[in-house]
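Observations on the three-dimensional arrangement
Chain by chain, the residues:
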Amino acid sequence: KINKNIIVVMTSSTDPTTKINEKELTHKSAPIAVSNTLHATFGIDHYPNYLYRWNMHDINNLEEQLTAQLKHVQNKKQEMQQILTVTESFKGPLHCVEAAPTTEFLRSILHKSLVPLIECDKDNNFSLKWNFNTLQQILAEETDNVYSFPLFNDAFCEQLLQHTLQYQ
């Protein structure tokens with residue numbers, strides 16, 4: 001016999017991250033959790049007359065859960081569209097985010113002290129060729145054993161700053 005006080009997991013019926021087969025302490029019907037939702041959506045498409053084995057109350061609960069999840073997805077999509085709208089103006093300088101950055105792009109954003117270090121092969125693959133003299137010239141020791149160096153140029157830093165200010 002299982003002690004009810006040991007197996008206690010409370011869940012939110014709209015939380016898609018609930019654990020598989022969770023039930024509330026009251027032993028009422030389990031909230032639609034990951035396993036239920038996956039099984040139901042799979043079952044409807046793969047088993048003939050799948051929902052005929054359910055009672056109307058459970059079907060209504062499933063419908064409510066799927067509707068709530070759809071609303072959640074729609075809200076997240078809307079948030080993402082708002083972010084994309086704000087970031088569209090900044091996408092020009094960062095055109096390489098979706099692909100490998102080009103040498104030209106790197107030259108347009110890197111600090112002038114790093115630009116001569118960019119080496120490019122015939123396939124436009126790049127690398128930075130560090131050397132001791134260059135490091136000595138660009139490194140600044142901020143405190144004991146803590147160094148800094150300029151990475152981006154002023155124009156790119158200004159674009160980045162202006163972009164981040166749009167979120168305030």
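Not measured: the values here are computed from a predicted model.

1. Looking at the side chain of Ser113
Position of Ser113 among the secondary structure elements: in the loop between α3 (103–109) and β1 (118–120). Only 2.9 Å separates the side chain of Ser113 from the side chain of His111, close enough to count as a polar contact.

2. A closer look at the environment of Leu128
Of note, Leu128 is situated in strand β2 (residues 126–128). Residues Leu128 and Leu114, 14 residues apart in the sequence, show an inter-C-alpha distance of 7.9 Å.

3. Overview of the nonpolar core
Counting 9 residues, the largest nonpolar core is built from Phe105, Leu106, Ile109, Leu110, Leu114, Leu117, Ile118, Ile138 and Phe156. No other element matches α3, which puts 3 residues into this core.

4. What about the side chain of Asn153?
Structurally, Asn153 can be placed in the loop between β4 (146–148) and α5 (154–165). Since its relative accessible area comes to 16%, Asn153 is described here as buried. Reaching out from Asn153, the side chain makes a polar contact with the backbone nitrogen of Ala155 at a distance of 3.2 Å. The contact partners of Asn153, leaving out residues within four places of it in the chain, are Ser108, Ile109, Leu110 and His111.

5. Quick word on the pairing of strand β3 (residues 140–143)
Here β3 pairs with β4 via 3 bridges, running antiparallel. Looking at the pairing, Ala140 lines up with Ser148 of β4. Hairpin connection of β3 to β4: 2 residues between the antiparallel strands, including Asn145 at a positive phi of 60°.

6. Description of a nonpolar patch on the surface
Taken together, Leu128, Trp130, Leu139, Tyr147, Phe149 and Leu151 make up a surface patch of nonpolar side chains, about 540 Å² in accessible area. The topology assignment puts Phe149 in the loop between β4 and α5.

7. Quick word on α5
With 12 residues, α5 should cover 16 Å at 1.5 Å per step; its first-to-last C-alpha distance of 16 Å lies within 8% of that length. Capping the start of α5, Asn153 holds a side-chain oxygen 3.2 Å from the backbone nitrogen of Ala155, two or three residues further along.

8. Remarks on the confidence of the model for the protein chain
Scored by pLDDT, the protein chain comes out at a mean of 74, with 68% of its residues at no less than 70. When pLDDT is averaged over each helix and strand of the protein chain, the minimum, 75, is found for β2 and the maximum, 90, for β3. In this model residues 1–22 is a low-confidence stretch, pLDDT under 50, and it forms 29 contacts with partners more than four residues away in sequence or in other chains.

9. Thoughts on unusual backbone geometry
For Asn49, which is not glycine, the phi torsion reads 55° and is therefore positive. Structurally, the position occupied by Asn49 is in the loop between α1 (34–46) and α2 (56–91). Despite not being glycine, Asn145 has its phi angle at roughly 60°, a positive value. Within the secondary structure, Asn145 sits in the loop between β3 and β4. The exposure class of Asn145 is exposed, given its relative accessible area of 64%.

10. What about the packing of aromatic side chains?
Going through the model one piece at a time under the given rule, you end up with 4 aromatic pairs. An angle of 75° between the planes, with centres 6.1 Å apart, marks the rings of Phe42 and Tyr47 as edge-to-face. The class for Phe42 is partly exposed, based on a relative accessible area of 41%. These aromatic residues form a ring-pair network of at least three members: Phe42, Tyr47, Tyr50 and Trp54.

Calculation criteria
- Residues numbered from 1 in each chain as written.
- Predicted model: local features only at pLDDT ≥ 70, side-chain atom pairs only at ≥ 80, totals over all residues.
- Heavy atoms only, no water.
- Helix = DSSP H or I, 4+ residues; strand = E, 2+ residues; numbered from the N terminus.
- Polar contact = N/O pair within 3.5 Å; in protein donor to acceptor, adjacent residues only side chain to side chain.
- Core = buried A, V, L, I, M, F, W, Y, C linked by side-chain atoms within 4.5 Å.
- Buried < 20%, exposed > 50% of the residue type's maximum accessible area, 1.4 Å probe, protein only.
- Contact = heavy atoms within 4.5 Å.
- Pairing = 2+ DSSP bridges.
- Patch = residues over 30% accessible without salt bridge, like charges linked within 9 Å, V, L, I, M, F, W, Y side chains within 5 Å.
- Areas by Shrake-Rupley, 256 points an atom, 1.4 Å probe, with all protein chains shown as cover.
- Salt bridge = Lys/Arg side-chain N within 4 Å of Asp/Glu carboxyl O.
- Expected span 1.5 Å × (residues − 1).
- pLDDT = per-residue confidence, 0-100.
- Phe/Tyr/Trp six-rings, centres within 6.5 Å; stacked < 30°, edge-to-face > 60°.

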